[in-house]
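# Breakdown of the fold
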Amino acid sequence: MNLHEYQGKEILASYGVRVQRGYVANNAEEAVAKAKQLTSETGTGWHVIKAQIHAGGRGKGGGVKLAKNLDQVAEIAGQIIGMDLITPQTPPQGKRVHKVLVAEDVYYPGESETKEFYMSVLLNRGAGRNMIMYSTEGGMDIEEVAEHTPHLIFTEEIDPAVGLQGFQARRIAFNLGLSGDAFKEMLKFVDALYKAYVGSDASMFEINPVLKTSDNKIIAVDAKVDLDDNALFRHKDLAEMRDIREENPIEVEAKEVGLNYVDLDGTVGCMVNGAGLAMATMDLIKYAGFEPANFLDVGGTADAKRVETAFRIILKDPNVKAILINIFGGIVRCDRVAQGVVDAYKNMGDAIKVPIIVRLQGTNAEIAKDLIDNSGMPILSAVQFQEAADQVKAALS
């Protein structure tokens, strides 16, 4: 589950991470009121207006701007709220901005120059350990840094059974070129950031930039946070932060009815049982020369109602030109699935306007094929993997 920047900063602050302070506003008038409140609390004279969407690169799309007075706060907030913000991480049509974060200016002049760093905490699946990735090149796309200057990216692997050790935090601060008060501040920052990552059961915390201010404070200026859905039962308060307006509406609907659905960019809809079979089916579609339109796992039950629900969800994607059903009948018998497909097709009538290819293997697979072939419905049946691929290719040719 992805979070907005302001929500990620709330989590960080609760673990003692120093963050760029700010308040959320839903309209221009509210933004001005929050700016006044922020000035009274922090003394900031300028304000940063940040679009709150689940995507990075907001500044490149015009979603992050500096306001030097209250009139500019109102003007900029009015421009950003309601816009369809397009960034390298959004769909081509962009994402609608519903709220902004009015934040303090932390790039004030002082005794030393400001410096931006990159830092993230995530799981290194290959090593089976948590990892802090960091770089002196903050404020830039980390992918660009990795491609052109990989020697400027450092990693620190952490044994989850032991936790972050003091020497590791010191190594991070040293590699970032810090000394004096800034060095000590970075030690506190890294320790608190790692605790926030572990304590919230996050999949990733990405702070870009981490700022060394002119008075040697270390501040999280941004926060991109991804929480592990499987652990949300332990964090009811964090689960309430979910903003479904930022999620794919088809995926939201599928989740509500208990289907595992991921929207993709292709033209062949997939209905399968089991994640491994789903991946193999998508490979099959690609080998046939096409692209999968989705990942949809109906799970261990595939009766008429569930199949019909899956059909309706897949067909909400206007790019779907054919549907491939690939079910292994282990827990559920193939003949029950076949009957479910036939009944769902009858119930939906003219709503299905694309070819349906069904491959069933496992318990009662032969009976299932007879049910499909003798149903009188325009449903194509297959037995082998390659046969199913050929049927898809023939249907879309």
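Being a predicted model, the structure only gives us computed values, none of them experimental.

### Digging into the sheet that holds strand β3 (residues 64–67)
Taken together, the 4 strands give an open sheet; going across it, the order is β1-β6-β2-β3, and neighbouring strands pair in antiparallel fashion. The open sheet has two edge strands with one neighbour each: β1 (22–25) and β3. Averaged over all adjacent pairs, the angle separating strand axes in this sheet is 25°, with direction ignored. By the bridge criterion, 5 bridges tie strand β2 (residues 47–51) to strand β6 (residues 100–104) in an arrangement that is antiparallel. If you follow I49 over to β6, its bridge partner there is V102. The sheet strands contacting helix α1 (residues 5–14) are β1, β2 and β6, and the helix crosses β6 at an angle near 50°. Those strands touched by helix α2 (residues 28–42) are β1, β2 and β6, and its axis lies near 170° from that of β1.

### Observations regarding the UniProt feature "domain: ATP-grasp fold succinyl-CoA synthetase-type" (unreviewed entry) in the protein
Here, UniProt's "domain: ATP-grasp fold succinyl-CoA synthetase-type" (unreviewed entry) annotation points to residues 2–210. Secondary structure over residues 2–210 splits into 35% helix and 26% strand, and the C-alpha atoms at its two ends are 20 Å apart.

### Points about the pairing of strand β10 (residues 202–212)
The buried fraction of β10 is high, at 9 of 11 residues. Direction of pairing for strand β7 (residues 115–124) relative to β10: antiparallel, over a ladder of 7 bridges. In the sheet register, M119 faces β10, and the bridge partner there is I207. Inspection of the sheet shows β10 paired to strand β12 (residues 224–227) by 4 bridges, in the antiparallel sense. Bridging across to β12, F205 finds its partner in V225. Relative to strand β11 (residues 218–220), β10 runs antiparallel, the two being bridged by 3 bridges. Along β11, the bridge assignment pairs K212 with I218. In sequence, β10 turns back onto β11 through a hairpin of 5 residues, with N216 there showing a positive phi of about 70°.

What counts, and at which threshold
The residue numbering used here restarts from 1 in each chain and proceeds along that chain's sequence as written. For a predicted model such as this one, the threshold for reporting local features is a pLDDT of at least 70, and the threshold for listing and counting side-chain atom pairs is 80 or more; totals across whole chains, interfaces and linings nevertheless cover every residue. Derived side-chain values reflect all non-hydrogen atoms in the structure, with water molecules and hydrogen atoms excluded from consideration. One requirement defines pairing of two strands: DSSP has to find at least two bridges between them. The numbering of helices and of strands both runs from the N terminus, where a helix is a DSSP run of H or I of at least 4 residues and a strand a run of E of at least 2. Comment: axis = line fitted to C-alpha atoms, over the contacting stretch for helices; angle = value between 0 and 180 degrees taken between N-to-C directions. We call two residues contacting when some pair of their heavy atoms lies within 4.5 Å. UniProt positions are given in the numbering used here, feature names are shortened, and annotations may be inferred rather than shown by experiment. Relative accessibility under 20% of the residue-type maximum defines a buried residue, over 50% an exposed one, and the middle range a partly exposed one, all with a 1.4 Å probe and only protein chains included.

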